[in-house]
Number of protein chains: 2
Amino acid sequence: MNIAILGAGNVGSALARLWAGQGHTVTFGLKPGSNPRNPMPAGVSAAAIPDAVAAAAVVTLCVPWPAAEAAVRSAGPLAGKVLIDATNPLKDDLSGLELGTTTSAAEQVAAWAGRTRVVKAFNTIGAMLYGNADIAGMRADGFYCGDDADAKREVATLITDAGLDPIDVGPLRMARALEPMALLWIDLAVRQKRPLPFGFKLLRG
Amino acid sequence: MNIAILGAGNVGSALARLWAGQGHTVTFGLKPGSNPRNPMPAGVSAAAIPDAVAAAAVVTLCVPWPAAEAAVRSAGPLAGKVLIDATNPLKDDLSGLELGTTTSAAEQVAAWAGRTRVVKAFNTIGAMLYGNADIAGMRADGFYCGDDADAKREVATLITDAGLDPIDVGPLRMARALEPMALLWIDLAVRQKRPLPFGFKLLRG
């Protein structure tokens, strides 16, 4: 395939190297006067953004989020092409997302509950798989998060006792990720009718 | 442990059965006049919500989201207890979340780009793991979503060529889950300093 990559940082450079190695034609789209941040992989070229896009069937957007709108608007005609969006709308300090995600049920529950220690758990896999979550030779994870270490230790035991592999994913605000993950599980199961069993795992070495 | 469960639906019933089987003392907290929706598991009792909560060290909230606030406010004193929040703030038609999540970068990019076919991909695992994502005997997933089947087929090939296991998670609006998933990966790597490699997988049978 003929692929244009907008954004020559870590994501764009890694994709260019791998895709060129598989025989694809890869061109970085550069703003006037700019150069790739990393060394150009073998077999990869660069051109002005509109020229790189015009020649490509697939355009990959992997600039930092604050540069995304300008990159899209400078691309020229995109009709008929595939645009891969690899961006993440991260805040500068990585504390959250700039758009789309602002709070979580867990944080709301904590506000209602007052002085207690809230741990988010048991929300990312269907209840029919509790105790029955060994899939493809691995055990699905019971993701949990919270702000109190002792409380999380107790909940980890209860997750194990419910037949899931407990994994601590950090402070309570990470429920902002676990609740959308649950939405994804539910959408796959209910709307997309993906056959059970399936469940999320954080593979770790 | 002495555990109160608020919500006797599928989640609460499954947890009660498994936890009682592990020797925990489990009591459903019931609203006045209500009964568990499913048969009571062996070794599990029921009491009025404030009584069940008063006796418990761990309170598990697994009511439907519209009932969550009333359940928390009816629980009585929670100080010193652990409150497990297993809710998901789902819309009635399961099309999204009632709070916390409203849009995604992918949908914003599609709005900027106009007539093109946007596919979200390559955002849920660090670029250093592209081509290097075999972890614990499995290959990490390259999650992708979009609204055009042909475009997604092309992107699936490019995900394979980048050394990830492509998995179609549905329409473009599921980027509302993939972007928080990316935030979680980044938070684990950067803020929590979890050692690499790690990556998400949807285990499937």
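So, how was this worked out
- Residues numbered from 1 in each chain as written.
- Chains lettered and ligands numbered in written order.
- Predicted model: local features only at pLDDT ≥ 70, side-chain atom pairs only at ≥ 80, totals over all residues.
- Heavy atoms only, no water.
- Helix = DSSP H or I, 4+ residues; strand = E, 2+ residues; numbered from the N terminus.
- Rg over C-alpha atoms; globule rule 2.2 N^0.38 Å.
- Buried < 20%, exposed > 50% of the residue type's maximum accessible area, 1.4 Å probe, protein only.
- Contact = heavy atoms within 4.5 Å.
- Least-squares fit on C-alpha atoms with pLDDT ≥ 70 in both.
- Buried area = accessible area lost by both parts, 1.4 Å probe.
- Salt bridge = Lys/Arg side-chain N within 4 Å of Asp/Glu carboxyl O.
- Polar contact = N/O pair within 3.5 Å; in protein donor to acceptor, adjacent residues only side chain to side chain.
- Nonpolar A, V, L, I, M, F, W, Y, C, P; charged D, E, K, R; others polar.
- Pairing = 2+ DSSP bridges.
- Arc of directions from axis to C-beta.
- Axes fitted to C-alpha atoms, helices over the stretch in contact; angles between N-to-C directions.

Engineer: Honestly, the overall build of chain A in this entry has me stumped. Any pointers?
Structural biologist: Across its full length, chain A holds six helices and eleven strands. Expected size for 205 residues packed as a compact globule is a radius of gyration near 17 Å; at 22 Å, chain A overshoots this value by more than 25%. Counting only C-alpha atoms and orienting by the principal axes, one finds that chain A spans roughly 55 × 40 × 35 Å. Burial status across chain A gives 57% buried among its 205 residues. Expressed as a percentage of contacts within chain A between residues at least 6 apart in sequence, the contacts between residues at least 24 apart total 62%.

Engineer: Help me out: how do you make sense of the relation of the copies chain A and chain B in this one?
Structural biologist: Each copy superposes on the other: chain A lies on chain B with an RMSD of 0.0 Å after a rotation of 180° and an axial shift of 0.0 Å. This pairing of chains is accounted for by a two-fold axis. Scanning chain A for the C-alpha nearest the rotation axis identifies Thr101 of chain A, at a separation of 2.2 Å. Taken as a fraction of all interface residues of chain A, those also at the interface in chain B reach 100%, which identifies the copy contact as same-surface.

Engineer: Whenever I open this one, the interface of chain A and chain B confuses me. Can you help?
Structural biologist: By a widespread convention, an interface's size corresponds to the accessible area lost as its parts come together. Contacts between the two partners involve 104 residues from chain A, matched on the other side by 104 residues from chain B. For the pairing of chain A and chain B, the buried interface totals around 8,900 Å² over both sides, and the portion due to carbon and sulfur atoms is 67%. Among the residues of chain A in contact with chain B, Trp112, Leu183 and Leu203 of chain A are the three that bury the most area, contributing 9% of the side total. On the surface where chain A and chain B come into contact, there are four salt bridges. Counting the contacts that link chain A with chain B gives 43 residue pairs in polar contact (both at pLDDT 80 or more). Examining the composition of the side of chain A that touches chain B, we find that 14 residues originate from one element, helix α6 (residues 175–191) of chain A, more than from any other. Counted by class, the side of chain A that touches chain B contains 62 nonpolar, 22 polar and 20 charged residues. As paired strands, strand β6 (residues 117–120) of chain A and strand β5 (residues 82–85) of chain B are joined by four bridges and run parallel to one another. Its bridge partner lying in β5 of chain B, Val119 of chain A is registered against Ile84 of chain B.

Engineer: Would you mind going over unusual backbone geometry with me for this structure?
Structural biologist: Only a minority of non-glycine residues have a phi that is not negative, and only a minority of peptide bonds are not trans. Here the residue pair Leu196 of chain A and Pro197 of chain A is connected by a cis peptide bond, since its omega of 0° sits within 30 degrees of zero. Checked against the element boundaries, Pro197 of chain A lands in the loop between α6 and β11 (198–204). A positive phi angle is found at Lys193 of chain A, which is not glycine, with a value near 55°. Checked against the element boundaries, Lys193 of chain A lands in the loop between α6 and β11. Even without glycine at this site, Phe122 of chain B takes up a positive phi of about 65°. Within the fold, Phe122 of chain B resides in the loop between β6 (117–120) and β7 (134–135).

Engineer: How do you make sense of helix α4 (residues 105–113) of chain B when you look at a structure like this?
Structural biologist: Side chains of residues three or four places apart in an α-helix project in the same direction, reflecting 3.6 residues per turn. Within α4 of chain B, the full set of buried residues consists of Ala105, Ala106, Val109, Trp112 and Ala113 of chain B. What you see down the axis of α4 of chain B is that its buried residues fit within an arc of 120°, all on one side. As for α4 of chain B, its buried residues are in contact with β4 (58–61), α3 (68–73) and β5 (82–85) of chain A together with β6 and α6 (175–191) of chain B. Note on α4 of chain B: the residue one or two positions beyond its end, Gly114 of chain B, has a positive phi of about 75°.

Engineer: I would appreciate a short explanation of the sheet that holds β5 of chain B in the present structure.
Structural biologist: The pairing of strands in a sheet happens through backbone hydrogen bonds and is either parallel or antiparallel. Ordered in space as β10(A)-β9(A)-β6(A)-β5(B)-β4(B)-β1(B)-β2(B)-β3(B), the eight strands form an open sheet in which the pairing is mixed. Here the strands that pair on one side only, and so sit at the sheet edges, are β10 (165–168) of chain A together with β3 (44–48) of chain B. When strand polarity is set aside, the average angle formed by the axes of neighbouring strands in this sheet is 30°. Set on the sheet, helix α5 (residues 149–161) of chain A makes contact with β6, β9 (141–146) and β10 of chain A together with β1 (2–6), β4 (58–61) and β5 of chain B; between it and β9 of chain A the angle comes to about 165°. Sitting on the sheet, α6 of chain A touches β6 and β9 of chain A together with β5 of chain B, and the angle it makes with β9 of chain A is about 145°.

Engineer: I keep staring at the sheet that holds β4 of chain A and nothing clicks. Help me out?
Structural biologist: Overall, mixed pairing links the eight strands, which are arranged β3(A)-β2(A)-β1(A)-β4(A)-β5(A)-β6(B)-β9(B)-β10(B) in an open sheet. Every other strand in the sheet has two partners, leaving β3 (44–48) of chain A together with β10 (165–168) of chain B as the edge strands with one partner each. The mean angle between the axes of side-by-side strands here comes to 30°, regardless of whether they run parallel or antiparallel. Note: strand β1 (residues 2–6) of chain A against strand β2 (residues 25–30) of chain A, five bridges, orientation parallel. Each residue of the ladder has a partner; that of Leu6 of chain A, found in β2 of chain A, is Gly29 of chain A. Here helix α5 (residues 149–161) of chain B sits on the sheet and contacts β1, β4 and β5 of chain A together with β6, β9 (141–146) and β10 of chain B; the angle it forms with β9 of chain B, its principal contact strand, is near 165°.

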